Amino acid sequence: MLNIVIFGAPGSGKGTQSELIIKEYGVSHISTGDVLRAEIKGDTELGRVAKDYIEKGQLVPDELIIDMLAKVLDTQKNKKGVIFDGFPRTIPQAKALKKMLNERGTDVSILLDLQVEESILIHRLLERGKISGRSDDNLETIQSRLNVYHTQTAPLAQFYIEEGKHVAIDGGNGSIEDIFKRVEAAINKVIG
Ligand code: ATP
Ligand code: MG
């Protein structure tokens, strides 16, 4: 199985590159952000709890996210693999993901770390905010999301470096297609 983690700061292009990866490699997409937004829309118990964290630019507590992810993973029948977008975001989430995949006889194949300069991230997110209608794409929440990224999520790179799974990708220079070429080269290298 090809299990890809797409990683990077908010606005780094995880969702955009995920779509291209899905088209090319036929893997399924699990975006924790999308799942949470659907829960909010459906006004579920999880949605109501998650909303407050998301609007403050904070992470939803690990145990809620890990439970949610396990349920989504159980509905996956795609034998080709999965792309994890927005998960893991903390060390406990990374450890939980490894355990869940190992229990299913598989593991993370590669982590693509989309690296983008901060000024570009802020610009992209503010532009997206004009059309996305996302309550977290405003300057104040963006600053707190970036801060959370640096303190809680970026340190995860080291976990995957130690696992031999980490690949850094320039996600800031060039077009979406240029960036996808770098992504493709990295994936093709691990699938041989
Ligand atoms: P982008 O998709 O542009 O990279 P993003 O990564 O900030 O932006 P989402 O992944 O959609 O956006 O996540 C939106 C919010 O949902 C996060 O700020 C956080 O509050 C919550 N969230 C999503 N995934 C997780 C997770 N794995 N753990 C905790 N909270 C999460
Ligand atoms: Mg996204």
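Chemist: Which residues make up unusual backbone geometry, and what values do they have?
Modeler: Omega for the bond connecting F87 with P88 falls within 30 degrees of zero, at -5 degrees, which places this linkage in the cis form. Residue position: P88 is located in the loop between β3 (82-85) and α5 (91-103). Positive phi is not limited to glycine here, since D43 has a value of about 50 degrees.

Chemist: Can you lay out α5 for me, pointing to particular residues and giving the numbers?
Modeler: Taking 1.5 Å per residue, 13 residues should reach 18 Å; α5 reaches 18 Å between its end C-alpha atoms and fits that length. What α5 keeps buried is the set Q93, A94, A96, L97, M100 and L101. Down the axis of α5, the smallest arc covering the buried residues is 165 degrees, so these residues share one side. For α5, the exposed residues lying more than 90 degrees away from the buried face are K95, K99 and E103. Of the surrounding elements, those touching the buried residues of α5 are β1 (4-8), α4 (62-74), β3 and α8 (156-162). Note on α5: the residue one or two positions beyond its end, G105, has a positive phi of about 75 degrees.

Chemist: Describe the site of ligand 1, with residues and values.
Modeler: Around ligand 1 sit 21 residues, and of these K14, T32, Q58, R89 and R128 come closest. Measuring from an oxygen atom of ligand 1, one finds a backbone N or O atom of G11 at 3.0 Å. V60 places a polar main-chain atom, nitrogen or oxygen, 3.1 Å from a nitrogen atom of ligand 1. With four residues, helix α2 (residues 32-41) is the single largest residue contributor to the shell around ligand 1.

Chemist: Requested: an account of the nonpolar core, with residues and values cited.
Modeler: If you look at the biggest cluster of nonpolar residues, it comprises 35 residues, and the most contacted ones within it are I30, L36, L69, F84, L97 and Y160. Sorting the residues of this core by element identifies β1, α3 (45-56), α4, β3, α5, α6 (118-132), α7 (139-153) and α8 as the ones contributing at least two each. Contacts of F84, omitting those with residues within four sequence positions, involve N3, I4, V5, I6, I30, L69, L73, L97 and L101. I6, V27, I83 and V183 belong to the second-largest nonpolar core, a separate cluster that totals 16 residues.

Chemist: Report on helix α1 (residues 14-25), specifying residues and quantitative values.
Modeler: Its twelve residues give α1 an end-to-end C-alpha distance of 16 Å, which sits within 8% of 16 Å, the value for a rise of 1.5 Å per residue. Listing the buried residues of α1 in full gives K14, Q17, S18, I21 and Y25. Across the axial projection of α1, the buried residues extend over an arc of 105 degrees, all falling on one side. α1 presents E19 and K23 as exposed residues on the side facing more than 90 degrees away from its buried surface. Note on α1: the residue one or two positions beyond its end, G26, has a positive phi of about 70 degrees.

Cut-offs and rules
- Residues numbered from 1 in each chain as written.
- Chains lettered and ligands numbered in written order.
- Predicted model: local features only at pLDDT ≥ 70, side-chain atom pairs only at ≥ 80, totals over all residues.
- Heavy atoms only, no water.
- Helix = DSSP H or I, 4+ residues; strand = E, 2+ residues; numbered from the N terminus.
- Expected span 1.5 Å × (residues − 1).
- Buried < 20%, exposed > 50% of the residue type's maximum accessible area, 1.4 Å probe, protein only.
- Arc of directions from axis to C-beta.
- Contact = heavy atoms within 4.5 Å.
- Near = heavy atom within 4 Å.
- Polar contact = N/O pair within 3.5 Å; in protein donor to acceptor, adjacent residues only side chain to side chain.
- Core = buried A, V, L, I, M, F, W, Y, C linked by side-chain atoms within 4.5 Å.

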